[in-house]
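One letter stands for each residue in the lines below.
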Amino acid sequence: MPCTVTMTVNGKTVSREVEERTLLVTFLREHVGLTGTHVGCDTSQCGACVVHVDGRSVKSCATLALQVDGATVTTIEGLAAADGALHPMQAAFREHHGLQCGFCTPGMVMSAVDLVNSNPSLSEQDIREGLEGNICRCTGYHNIVKAVQAGAEAMNADQAAKIAAE
Amino acid sequence: MYAFSYQRPTSLAEAVAAIQADEAKLLSGGQTLLPTLKQRLAQPSVLVDLSAVPDMKGVAAVDGGLTVGAFTRHAEVAHSDLVKATIPALAHLAEGIGDRQVRNMGTLGGSIANADPSADYPSAVVALKATLTTDRRAIAGDDFFTGMFETALEPGEIVTSVRFATPDKAAYAKFRNPASRYAIVGVFVAKFGAEVRVAVTGAAGSVFRVPAFEAALAANFKAEALNGLSVSADDLNADLHASADYRAHLVTVMAKRAVEAAG
């Protein structure tokens, strides 16, 4: 029986008729058309599908769309500014070669942003442990960790500037 | 996934009524259930989502312990100041479950009701003298786990909260599978006055206590008290990750590490 799911995705309210068994990742990619969130392993190991639900990172391939009915969802498409300026974490991944093929990158960036939001002073070990749910088969992780360290600094600087402006 | 229908009841009574349907299944965080459904290993008629049932979330201090709502997610237990101050070993255990994203969804009630032999929480339930509250009764933690993926729950019975007793000292040490982070062997050691409890998960079909370890630690709460002691490898799990003999060896090693961490 199709049912209606409504949620806020990247600041916009979206509402679609879906089957109950529709996964959040399927909802985002096929019903809303946001294909930046990837399906990698489809067994909740790889983290390519990570999005934020009410500010917490979750694996959208292991979540039903119905479970987040009414929630606020942010995907990789929702990070950049309206004028296209990259989010500091995205810019750091580009600057520090935190990607090669790029398939895992949306999930890596979403997990990294959640990590920094929950702990602004991350050690290298915190980052490595915090990214345990994300698998990259290209980089060997070193540049990803460097990118997250730089992205965290940039996010903290942005935050400090915002507070100073207020 | 096979098709199913879905309900999100807003009271415990509604949830209890909904779960009576033929082939109905409770959905908590879904971190085990949804992968199972995706592999078509189960075919429920209806999923009853517990996320909107009130009074099943959060941590509260109670006389001599903590009560954790069954729908409390692992990340909330791991980051709770109350848990960290009262039973830090429990926060440490929760922080080691799966990965960050799994901890943001998975719940205490889901974990223990599923009773995976490699799950972390069963060891805390047994070692911390827990009492489980369901929609109809209280169940002692010692009586809850009855076998591999089997519990004392009746069909349609819903765990609503778990009360853990505050120990004098406790720690959890696990040797984890590096890919899944499940416990190949996990040992929870808790000291209550003269009594010591040692609960082992991951090693057998279900969590179990080790009376010989408990007696030795009650006499001398030091890692060296376990020197020369081991569990029999008979009936322990064996799979591609670890043989039964290796798991038996790990039980002593993890118990010693837990005692050292408990201090």
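All values derive from a computational prediction rather than experimental measurement. (Residues numbered from 1 in each chain as written. Chains lettered and ligands numbered in written order. Predicted model: local features only at pLDDT ≥ 70, side-chain atom pairs only at ≥ 80, totals over all residues. Heavy atoms only, no water.)

Enquirer: Tell me about the overall build of chain A, residues and numbers included.
Expert: A tally of helices and strands in chain A yields five helices and five strands. The N-to-C order of helical and strand elements in chain A reads β-β-α-β-β-β-α-α-α-α. The C-alpha radius of gyration computed for chain A amounts to 16 Å, which stays within 12% of the reference 15 Å derived for 166 residues, consistent with globular compactness. Viewed in the frame of its principal axes, chain A has a C-alpha envelope of about 50 × 40 × 25 Å. Going through the 166 residues of chain A one by one, you find that 48% of them count as buried. In chain A, 54% of the contacts between residues at least 6 apart in sequence involve partners at least 24 apart. When the accessible surface of chain A is totalled, it reaches about 7,700 Å², and 50% of it is carbon and sulfur. One way to put it: in chain A the 11 positive side-chain charges average out to a point 5 Å from where the 18 negative ones average out. (Helix = DSSP H or I, 4+ residues; strand = E, 2+ residues; numbered from the N terminus. Rg over C-alpha atoms; globule rule 2.2 N^0.38 Å. Buried < 20%, exposed > 50% of the residue type's maximum accessible area, 1.4 Å probe, protein only. Contact = heavy atoms within 4.5 Å. Areas by Shrake-Rupley, 256 points an atom, 1.4 Å probe, with all protein chains shown as cover. Lys, Arg positive; Asp, Glu negative; His and termini not counted. Charge placed at Lys NZ, Arg CZ, Asp CG, Glu CD.)

Enquirer: Account for the sheet that holds strand β1 (residues 5–7) of chain B, with residues named and values stated.
Expert: Residue and element names in this part refer to chain B. The parallel open sheet is built from three strands, whose spatial order is β1-β3-β2. Both edges of this open sheet fall to β1 and β2 (24–27), since each of them pairs with a single strand only. Across the sheet, the axes of successive neighbouring strands diverge by a mean angle of 25 degrees, strand direction being ignored. Bridging between β2 and strand β3 (residues 46–49) involves four bridges; their strand directions are parallel. (Pairing = 2+ DSSP bridges. Axes fitted to C-alpha atoms, helices over the stretch in contact; angles between N-to-C directions.)

Enquirer: Can you tell me about the interface of chain A and chain B, naming the residues and giving the values?
Expert: Each partner contributes to the interface: chain A provides 28 residues, whereas chain B provides 27 residues. In this assembly, chain A packs against chain B so that about 2,200 Å² is buried in total across both faces, 48% of it on carbon and sulfur atoms. Applying the counting criterion to the chain A and chain B interface returns four salt bridges. As a salt-bridge pair, Arg100 of chain B and Asp114 of chain A come within 2.9 Å of each other at their nearest N and O atoms. Our enumeration of links across chain A and chain B arrives at 17 residue pairs in polar contact (both at pLDDT 80 or more). (Buried area = accessible area lost by both parts, 1.4 Å probe. Salt bridge = Lys/Arg side-chain N within 4 Å of Asp/Glu carboxyl O. Polar contact = N/O pair within 3.5 Å; in protein donor to acceptor, adjacent residues only side chain to side chain.)

Enquirer: An account of the packing of aromatic side chains is needed here, citing residue identities and associated values.
Expert: All names here are of chain B. A complete count under the given rule lists three aromatic pairs over all chains for this structure. On the numbers, 6.1 Å between centres and 85 degrees between planes, the contact of Phe175 with Tyr246 is edge-to-face. On the criterion of sequence distance, the pair formed by Phe175 in strand β11 (residues 169–176) and Tyr246 in helix α11 (residues 244–262) is long-range, its members being 71 residues apart. Judged by its relative accessible area of 34%, Tyr246 is partly exposed. Residue placement shows Arg40 over the ring face of Tyr2; its charged tip is 4.4 Å from the ring centre. Just above the ring of Phe192 sits the side chain of Lys129; from NZ or CZ to the centre is 4.4 Å. (Phe/Tyr/Trp six-rings, centres within 6.5 Å; stacked < 30°, edge-to-face > 60°. Lys NZ or Arg CZ within 6 Å of the ring centre and 35° of its normal.)

Enquirer: Tell me what's going on with the nonpolar core, and back it up with residues and numbers.
Expert: Leu90, Ile112, Tyr121, Leu128, Phe164 and Phe188 of chain B are the most contacted members of the largest nonpolar core, which has 52 residues in total. Counting contributing residues, this core receives three or more from each of domain 1 (5–52) and domain 2 (59–262) of chain B. Aside from chain neighbours lying at most four places away, what touches Tyr121 of chain B is His74, Val77, Leu90, Leu93, Ala94, Ile97, Leu108, Ser111 and Ile112 of chain B. Residues Val9, Val18 and Val58 of chain A together with Leu33 of chain B belong to the second largest nonpolar core, which totals 32 residues. (Core = buried A, V, L, I, M, F, W, Y, C linked by side-chain atoms within 4.5 Å. Domains from an automatic or database assignment.)

Enquirer: Which residues make up the side chain of Ser60 of chain A, and what values do they have?
Expert: All names here are of chain A. In this fold, Ser60 is placed in the loop between β4 (56–59) and β5 (72–74). The buried category is assigned to Ser60, whose relative accessible area is 0%. One polar contact links the side chain of Ser60 to the main-chain carbonyl oxygen of Cys49, over a distance of 2.6 Å. Residue contacts for Ser60: discarding those within four places in its chain leaves Leu23, Leu24, Val25, Thr37, Cys49 and Val51.

Enquirer: Tell me about the domain arrangement of chain B, residues and numbers included.
Expert: Residues and elements named next belong to chain B. Domain boundaries assigned for chain B yield domain 1 (5–52) and domain 2 (59–262). Taking only C-alpha atoms into account, the centre of domain 1 sits 25 Å from that of domain 2. The interface is formed by twelve residues belonging to domain 1 together with 14 residues belonging to domain 2. In terms of surface lost to domain 2, no three residues of domain 1 exceed Leu12, Ser28 and Gln31, which account for 41% of the buried area on that side. Our count for the contact surface shared by domain 1 and domain 2 stands at zero salt bridges. Here domain 1 and domain 2 share one residue pair in polar contact (both at pLDDT 80 or more) between them. When residues of the side of domain 1 that touches domain 2 are assigned to their parent elements, the largest contribution, three residues, is made by helix α1 (residues 12–18). A class-by-class count of the residues in the side of domain 1 that touches domain 2 yields six nonpolar, six polar and no charged. (Nonpolar A, V, L, I, M, F, W, Y, C, P; charged D, E, K, R; others polar.)

Enquirer: Now, about unusual backbone geometry: what can you tell me, with residues and values included?
Expert: Residues and elements named next belong to chain A. At Ser44, a residue that is not glycine, the phi angle is positive and equals roughly 55 degrees. Along the chain, Ser44 falls in the loop between α1 (24–31) and β3 (50–53). In this model, His97 sits at a positive phi of 50 degrees, which is unusual for a non-glycine residue. If you trace the backbone, His97 turns up in the loop between α2 (88–95) and α3 (105–118). We classify His97 as exposed; its relative accessible area is 55%.

Enquirer: I'd love a proper account of the domain arrangement of chain A, names of residues and values included.
Expert: All names here are of chain A. Segmenting chain A into domains produces domain 1 (3–78) and domain 2 (88–165). Computed over C-alpha atoms only, the centres of domain 1 and domain 2 are separated by 21 Å. Each partner contributes to the interface: domain 1 provides 17 residues, whereas domain 2 provides 13 residues. Between domain 1 and domain 2 the total buried area reaches about 1,200 Å² when both faces are included, carbon and sulfur atoms providing 60% of it. Considering only the side of domain 1, the residues that lose the most area to domain 2 are His38, His52 and Ile76, jointly responsible for 41% of the buried surface there.

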